[in-house]
Amino acid sequence: MPRGLRGRQELWLGLLGVLLAFGVCEAVSRAGLVRRSYLPPASEVLARAVELAGDPVFLDGIGATLRAWALGLALACAVAVPLGLLLGSVPVVDAATRAIVEFLRPLPSVALIPLVSLLLGSGTETEVALITYACVWPILFNTVYGLGETDPLAKETLRAFGFGRLAVLLRVELPGTAPFIAAGIRISAAVALILAVATEILAGFGEGLGIFIAQAGLATDGNRDVLAGVVWAGTLGLVINGVLVGAERRLFSWTPEQRAAAEQGARG
């Protein structure tokens, strides 16, 4: 099947799934199987989500969430990529820090909210710190794994021509690891958005999409606003993932996976 036709087929199947879920929620609510105060009709939730697009206060909250998301993800990249290159390139350092890494990695970021809030307060600093901590791990381990998958023949060829360790890293290892780093960033982007909204919900005050959802949950008959906020969160996640996937395909079209997809599409 040509690549373009396959992409359109996936798009239509995705839309069909959304429409089915929409229809089921609408029918369940309209039929009275669930009280409307618990599950408003999907059409009302969607209409409220569209209405919120014209609310400047709500859009400011979206902007605050996205700023914390972007800053936390950027800091995670700045920490994880160099550290991953170091751990993957110097076995002694990897062995010396492995126990610390394996101890910290399983700690859930949400469980650290009370401690971080005590140290940094309940503002943006806490949100960014938690996002950074959670997003470091996928990028770090993808970077280390990518270095391990670098073509050893290419590295040995450069060394045979007299290139030093840094030159091998910049010319072979880093380009070969870049697709793995990009995949780690894409995973971390979703984690960062989830954690940004969750941290705001638990904080309960300030500004942000999570704050809107938390305050709506405390209001009388506020479930419609809660679900509208969830629709916005899901839409943001879908858009972010789509942008990052498209960027990966354009930047790393030379990878075996992308070349195989292109060849399959050409054979059609």
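Refer to the structure printed above.
Structural notes, computed from the coordinates. (Residues numbered from 1 in each chain as written. Predicted model: local features only at pLDDT ≥ 70, side-chain atom pairs only at ≥ 80, totals over all residues. Heavy atoms only, no water.)

1. Observations regarding the side chain of E26
Worth spelling out the cut-off: The helix count covers DSSP runs of H or I at least four residues long, the strand count covers runs of E at least two residues long, and both are numbered beginning at the N terminus. With a 1.4 Å probe rolled over the protein chains alone, any residue whose accessible area is under 20% of its type maximum counts as buried; one over 50% counts as exposed, and the rest are partly exposed. The term polar contact refers here to a pair of N or O atoms within 3.5 Å; inside protein, the definition further demands a hydrogen-donor-capable atom paired with an acceptor-capable atom, and it admits residues adjacent in sequence only when both atoms are side-chain atoms. Whether two residues are in contact is decided by their heavy atoms, any of which lying within 4.5 Å being enough.
Here E26 lies in helix α1 (residues 3-30). Judged by its relative accessible area of 15%, E26 is buried. At 2.9 Å, the side chain of E26 forms a polar contact with the backbone nitrogen of A42. Leaving out residues up to four positions away in the same chain, E26 has contacts with P41, A42 and S43.

2. Points about a nonpolar patch on the surface
Counted only if it meets this: Here, patches come from residues exposed beyond 30% relative accessible area and free of salt bridges, joined within 9 Å for like charges and within 5 Å for nonpolar side chains (Val, Leu, Ile, Met, Phe, Trp, Tyr). Accessible surface is estimated by sampling points in the Shrake-Rupley manner with a 1.4 Å probe; for residues, cover comes only from the protein chains shown. In what follows, salt bridge is the name for a side-chain nitrogen of Lys or Arg lying within 4 Å of a carboxyl oxygen of Asp or Glu.
A contiguous nonpolar surface patch, about 380 Å² in accessible area, is contributed by V79, L83, L86, V90 and V92. Among the secondary structure elements, L83 is positioned in helix α3 (residues 56-89).

3. Concerning the packing of helix α2 (residues 42-52) against helix α10 (residues 223-251)
To keep it simple, the criterion reads: Here an angle of 0 to 180 degrees is reported between the N-to-C directions of two axes, which are lines fitted to C-alpha atoms, with helices fitted over the stretch in contact. With respect to orientation, any angle under 35 degrees is reported as roughly parallel, any angle over 145 as roughly antiparallel, any angle of 65 to 115 as roughly perpendicular, and every other angle as oblique. Here is the rule for handedness: rotate from the far helix to the near one, and if that takes an anticlockwise turn smaller than a right angle the crossing is left-handed, while a clockwise turn gives right-handed. The nonpolar class holds Ala, Val, Leu, Ile, Met, Phe, Trp, Tyr, Cys and Pro. Asp, Glu, Lys and Arg form the charged class, and all remaining residues, Gly among them, are polar.
Viewed as axis vectors pointing N to C, α2 and α10 meet at an angle of 65°, and their least axial separation amounts to 8 Å. Compared by their axis directions, α2 and α10 come out roughly perpendicular. Seen along the crossing, α2 lies across α10 with a hand that is right-handed. Between α2 and α10, the contacting residues are E44, V45, R48, A49 and L52 on the first element and R224, D225, L227, A228, V231 and W232 on the second. Tallied by class, residues from the contact of α2 with α10 come to seven nonpolar, no polar and four charged.

4. Observations regarding the side chain of T199
One can find T199 in helix α8 (residues 165-203). Judged by its relative accessible area of 6%, T199 is buried. Beyond its immediate sequence surroundings of up to four residues, T199 is in contact with I113, E127 and L130.

5. Examining helix α9 (residues 209-218)
Within α9, seven of the ten residues are buried, which leaves the element mostly enclosed by the surrounding structure. Those residues of α9 not exposed but buried are L209, G210, I211, F212, I213, A214 and A216. Taken together, the buried residues of α9 touch α2, α3, α8 and α10.

6. A closer look at α10
What counts, and what does not: A helix is expected to span 1.5 Å for every residue after the first.
Helix length check: α10, at 29 residues, gives a terminal C-alpha distance of 42 Å against a target of 42 Å (1.5 Å per residue), a fit within 8%. Those residues of α10 lying buried are D225, V226, A228, G229, W232, A233, L236, I240 and E248. The inward-facing, buried residues of α10 contact α2, α3, α8 and α9.

7. Some words on the environment of G84
Along the chain, G84 turns up in helix α3. Separated by 31 residues in the primary sequence, G84 and A53 have C-alpha atoms spaced 40 Å apart.

8. As for the pattern of salt bridges
Counting across every chain of the model gives six salt bridges. Note that R48 and D225 form a salt bridge whose closest N and O atoms lie 2.6 Å from each other. Taken together, the residues R48 in helix α2 and D225 in helix α10 connect sequence positions 177 residues apart. For the pair shown, R48 and D225 are each scored as buried. Notably, a salt bridge pairs E248 with R186, separated by 2.5 Å at the nearest N-O pair. Residue E248 is found in helix α10, and its partner R186 is found in helix α8; the two are separated by 62 residues along the sequence. For R186, a relative accessible area of 26% corresponds to the partly exposed category. Each of the salt bridges in this network shares a partner with another, and the network as a whole consists of R48, E51 and D225.

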